[in-house]
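The residues making up each chain are set out below.
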Amino acid sequence: MLSLQKPLLIFTDLDGTLLDIHTYDWQPAAAWLERLRDKQVPVILCSSKTAAEMLDIQQELGLEGLPFIAENGAVIQPDVRWDPPARRITGMSHHTILHIIEQIRLQTHVKFTSFDDVNERVIGEWTGLTPSRSLLARRHEASATLIWRDSDAQMTRFEEALEPHGLQIVQGARFWHVLDARCGKDVAVKWLTERYCLQEPVAWTSLGLGDGPNDAPLLDSVDFAVVVKGINRQGILLQNDSPERVYHTQLPGPAGWREGLDHFLL
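So, here's what we can say about the structure. (Residues numbered from 1 in each chain as written. Predicted model: local features only at pLDDT ≥ 70, side-chain atom pairs only at ≥ 80, totals over all residues. Heavy atoms only, no water.)

So, the pattern of salt bridges
Summed over all chains, the structure comprises 14 salt bridges. For Arg87, the salt bridge is made with Glu141, and the minimal N-O distance between the two is 3.4 Å. Here Glu141 lies in the loop between helix H5 (131–136) and strand S7 (143–148) and Arg87 lies in the loop between strand S4 (75–77) and strand S5 (88–89), a separation of 54 residues in the sequence. Judged by relative accessible area, which is 33%, Arg87 ranks as partly exposed. Within this structure, Asp15, Lys49, Glu53 and Arg174 form a network of salt bridges that share partners. (Salt bridge = Lys/Arg side-chain N within 4 Å of Asp/Glu carboxyl O. Helix = DSSP H or I, 4+ residues; strand = E, 2+ residues; numbered from the N terminus. Buried < 20%, exposed > 50% of the residue type's maximum accessible area, 1.4 Å probe, protein only.)

Printed below as a string of structure tokens:
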């Protein structure tokens, strides 16, 4: 069990974890969010979403000013109280990535549809997001989000074509994301944890929560992990899945998020 009386960092995925995968409701987690806020425990959002989306969601959840990790680790926002508080873009730009994958699509004829191929109305139909949130979802800075429309064999071909360019593709709960191979949720978690240790040199403990394959690096890089029941048939494969370190929830979404915190926290 972990204690709220000791230094604790909580890193959490959003869609399918803290937010319901279909409705984006987070109310089942509201009591825990309030308790963590009262205890001044940082809740650090860690998602494939854009920074513009994350800022909007932070405000809704009452987490303004805290760090967050966007675009699967390619974008890191430090705590606003730190010096400097400037956002970090840790890999290739969105424009560069988009140019590369367009060239690969022309050369290999793989089939996918990216968020850049459509407008916010279509993104809203895909995601159920409001028009304003759909607009924010298109504001990528260091990755590209897409729907894969081809075979597994073609996916392998696409991955192999990305590699010489220093790019990787990761699978989220619903979409695929292309980003710099040097980036990742694990890299971002490590960087932020080190910054917390510099700001306050105490023995920080980290707890991570996630539901999709792209959350594995996050969950592998924290001290304790909650695998929230998700919709992905492949699940999450972790390097260390021991029951002392990892809890698998029975409930999905924010109810599972609450279940995971109930399990680990006093």
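Quick word on unusual backbone geometry
Residues Asp83 and Pro84 are joined by a peptide bond in cis, for which omega reads 0°. With respect to the helices, strands and loops of the structure, Pro84 is situated in the loop between S4 and S5. Even without glycine at this site, Tyr24 takes up a positive phi of about 65°. By the element assignment, Tyr24 lies in the loop between strand S1 (8–12) and helix H1 (30–38). Taking relative accessible area as the criterion, Tyr24 reaches 12% and is therefore assigned buried. The residue Gln40 is not glycine, and still its phi comes out positive at about 60°. When you line up the elements, Gln40 lands in the loop between H1 and strand S2 (43–46).

Looking at the sheet that holds strand S6 (residues 112–114)
Spatial strand order, S6-S7-S9-S8: 4 strands in an open sheet with antiparallel pairing. One side of each edge strand has no neighbouring strand; the edge strands of this open sheet are S6 and strand S8 (167–171). Strand-to-strand twist of the sheet, defined as the mean angle between neighbouring strand axes without regard to direction, takes the value 35°. Bridge count between S7 and strand S9 (residues 176–180): 4 bridges; the pairing is antiparallel. Within S9, the position partnered with Ala144 by the bridge is Val178. Lying over the sheet, helix H3 (residues 94–108) contacts S6, S7, S8 and S9, oriented at roughly 35° with respect to S7. Contacts from helix H6 (residues 152–162) reach S6, S7, S8 and S9, with the element oriented near 145° to S8. (Pairing = 2+ DSSP bridges. Axes fitted to C-alpha atoms, helices over the stretch in contact; angles between N-to-C directions. Contact = heavy atoms within 4.5 Å.)

Thoughts on the environment of His165
Turning to its location among the elements, His165 is positioned in the loop between H6 and S8. His165 sits in the partly exposed class, given a relative accessible area of 39%. As a C-alpha pair, His165 and Gly253 span 88 residues in sequence and 35 Å in three-dimensional space. Ignoring anything within four residues of it in the chain, the contact list for His165 reads Met92, Ile100 and Ile104.

Describing the packing of H3 against H6
Viewed as axis vectors pointing N to C, H3 and H6 meet at an angle of 130°, and their least axial separation amounts to 11 Å. As summarised for this structure, H3 and H6 are arranged oblique, according to the angle between their axes. For the element pair H3 and H6, the recorded crossing hand is right-handed. In this structure, H3 contributes Ile101, Ile104, Gln107 and Thr108 to the contact, and H6 contributes Gln154, Arg157, Phe158, Ala161 and Leu162. Across the contact of H3 with H6, the residue classes break down as 5 nonpolar, 3 polar and 1 charged. (Parallel < 35°, antiparallel > 145°, perpendicular 65-115°, else oblique. Left-handed = near helix turned anticlockwise from the far one by under 90°. Nonpolar A, V, L, I, M, F, W, Y, C, P; charged D, E, K, R; others polar.)

Quick word on the sheet that holds strand S3 (residues 68–70)
Taken in spatial order, the 8 strands line up as S5-S4-S3-S2-S1-S10-S11-S12 in an open sheet, and their pairing is mixed. Taken across any chain shown, the strands that pair with only one partner, and hence form the sheet edges, are S5 and strand S12 (246–252). Lying over the sheet, helix H2 (residues 51–61) contacts S2, S3 and S4, oriented at roughly 145° with respect to S3. Against the sheet, helix H7 (residues 185–199) touches S1, S2, S3, S4 and S5, its axis set at about 155° to S1.

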